[in-house]
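The primary structure of each chain is shown beneath.
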Amino acid sequence: MTRIVIGQYYPSNSVIHRLDPRIKLLGIMFYITALFFVTNFIGYGVAAVFLLVMVKIAKVPLLFLFRGLRTILFILCFAVILNLFMTPGENVIFAVGFLRLTMEGVYMAGQMAARLVLLITGSSILTLTTSPIQLTDGVEALLKPLKIIKVPAHDIAIMMTIALRNIPTLAEEMDKIMKAQKARGADLDTGGLIKRAKSLLPILIPLFVSAFKRADELATAMEARCYRGDMGRTRMKVMKIAKPDILALAVLAIYGTLLFLTRLL
C-alpha cells in the first residue's frame, strides 16, 4: 500500500511541471479518452512511446512510476484471466469444461492489460507533476463555467484535491496499523478467505477512526485560517497560457492524429 503513486507529488523543474494545470488536466482527459478508441496493438505502442517521452521530459524516475502498478496487480491479473476464458471466439486453443481459451480471448486480454497499465501510469504523471494547490486551481478553473447553474466549482475542486492527496497518506496509515497489529500477534496472512476478511476488522476500524480524526483536524485548521471557500480569494500565482502550453496542445493533437491513423489500419 505504501507503493501507491497516485496522489503523490514529485518536485522537479521540468517543462511539464511548469505547464498550466488546466492544460495538464485537459491533456490527461484527452489521453485517457483516446485510449478507449484504440483497437490494435499498434495504437497501444504509440501510446506507450508517447507516455515514455512524457516521463523522460518530466524527469520522473521510471521505476518510481511503474512501482505503482504493484497496487493494481490483483485487478490486472483478474481482468486478464476473465478476458482470457470468457471471450467467445472461433479459434479455440483448448477447452476444459465451460472454460474455453481462444485466440480472440488472448488478443482481448492483451489489450485490456495494456490499457490498464497505460491508464494508471498516465494518470500518475498528472499528480506527480502537479502540486495540490495547482491541481485545485486547475479543476476550479475548468468547472468555473458551471457556476452559472449554481455548481460550487471551488468546493468540488478542493474536495477532489484533498481526497486525491490523502490516498498515499491513508495507505501509509494502513501500513502502520498492519505492522502494529502483527507486532501484537495478529495473523493477517494465513487462513481462508473468510478468516482473512475477519482479520481486516482490527485494521479497518482504526483506519476509519484515524481518517475521521484527520478530517476533523483539517477542518479545524481551515476554520482557524478563516477559510471561506472562494469568497474574496486572491491568488499569488495567476494562471496564464504561455507558449509551452500551446506547444503541449499541438503535441496532443499530433498524438491524437497518430492514434486515429492506427485505428484506420
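The rules we used
- Residues numbered from 1 in each chain as written.
- Predicted model: local features only at pLDDT ≥ 70, side-chain atom pairs only at ≥ 80, totals over all residues.
- Heavy atoms only, no water.
- Axes fitted to C-alpha atoms, helices over the stretch in contact; angles between N-to-C directions.
- Helix = DSSP H or I, 4+ residues; strand = E, 2+ residues; numbered from the N terminus.
- Parallel < 35°, antiparallel > 145°, perpendicular 65-115°, else oblique.
- Contact = heavy atoms within 4.5 Å.
- Expected span 1.5 Å × (residues − 1).
- Buried < 20%, exposed > 50% of the residue type's maximum accessible area, 1.4 Å probe, protein only.
- pLDDT = per-residue confidence, 0-100.
- Polar contact = N/O pair within 3.5 Å; in protein donor to acceptor, adjacent residues only side chain to side chain.
- Patch = residues over 30% accessible without salt bridge, like charges linked within 9 Å, V, L, I, M, F, W, Y side chains within 5 Å.
- Areas by Shrake-Rupley, 256 points an atom, 1.4 Å probe, with all protein chains shown as cover.
- Salt bridge = Lys/Arg side-chain N within 4 Å of Asp/Glu carboxyl O.
- Core = buried A, V, L, I, M, F, W, Y, C linked by side-chain atoms within 4.5 Å.

### Describing the packing of helix α2 (residues 21–35) against helix α6 (residues 103–128)
- Running from N to C, α2 and α6 point in directions that differ by 180 degrees, and their axes come no closer than 10 Å. Of the possible angle classes, the one that applies to α2 and α6 is roughly antiparallel. For the pair α2 and α6, contact is made by Lys-24, Leu-25, Ile-28, Tyr-31, Ile-32 and Leu-35 and by Arg-115, Leu-118, Leu-119, Gly-122, Ser-123 and Leu-126, respectively.

### Concerning helix α10 (residues 201–224)
- Spanning 24 residues, α10 covers 35 Å between terminal C-alpha atoms, matching the ideal 34 Å at 1.5 Å per step.
- Buried within α10 we find Ile-203, Leu-207 and Ser-210.
- Note on α10: the residue one or two positions beyond its end, Cys-226, has a positive phi of about 60 degrees.

### Notes on the confidence of the model for the chain
- Across the chain, the average pLDDT comes to 82, with 94% of residues at or above 70.
- Averaged pLDDT values over the elements of the chain bottom out at 71 in strand β1 (residues 92–96) and peak at 91 in α2.

### Some remarks on the side chain of Thr-121
- Here Thr-121 lies in helix α6.
- Within the structure, the side chain of Thr-121 is placed 3.3 Å from the backbone oxygen of Leu-118, a separation counted as a polar contact.

### Overview of a nonpolar patch on the surface
- Residues Phe-74, Ile-75, Phe-78, Leu-82, Met-86 and Leu-99 make up a contiguous nonpolar surface patch of roughly 640 Å² in combined accessible area.
- Here the nonpolar patch gets 5 residues from one element, more than from any other, and that element is helix α5 (residues 73–86).
- As for its placement among the helices and strands, Met-86 is situated in helix α5.

### Notes on the nonpolar core
- With 30 residues, the main nonpolar core has Tyr-31, Leu-35, Phe-50, Leu-118, Ile-125 and Tyr-255 as its most contacted residues.
- Looking at this core, the elements that each hand over two or more residues are α2, α3 (41–58), α4 (62–66), α6, α7 (132–143), α8 (153–183) and α11 (243–264).
- At 7 residues, α3 tops the list of elements feeding residues into this core.
- Once you skip the residues sitting within four places of it in the chain, Tyr-31 turns out to touch Ala-47, Phe-50, Leu-51, Leu-118, Gly-122 and Tyr-255.

### Quick word on the environment of Ile-158
- Within the secondary structure, Ile-158 is located in helix α8.
- With 86 residues separating them along the chain, Ile-158 and Ile-72 place their C-alpha atoms 26 Å apart.
- Those residues in contact with Ile-158 that lie beyond four places of it in its chain are Thr-136 and Tyr-227.

### A closer look at the pattern of salt bridges
- Evaluated as defined, the whole model comprises 4 salt bridges.
- Residue Glu-173 pairs with Arg-214 through a salt bridge whose shortest N-O separation is 3.3 Å. With Glu-173 in helix α8 and Arg-214 in helix α10, the pair connects residues that are 41 residues apart, well separated along the chain.
- Residue class for Arg-214 comes out partly exposed when judged on its relative accessible area of 32%.
- The salt bridge involving Asp-175 is made with Lys-179; its shortest N-O contact spans 3.3 Å. Taken together, the positions of Asp-175 and Lys-179, both in helix α8 and 4 residues apart, correspond to about one turn of that helix.

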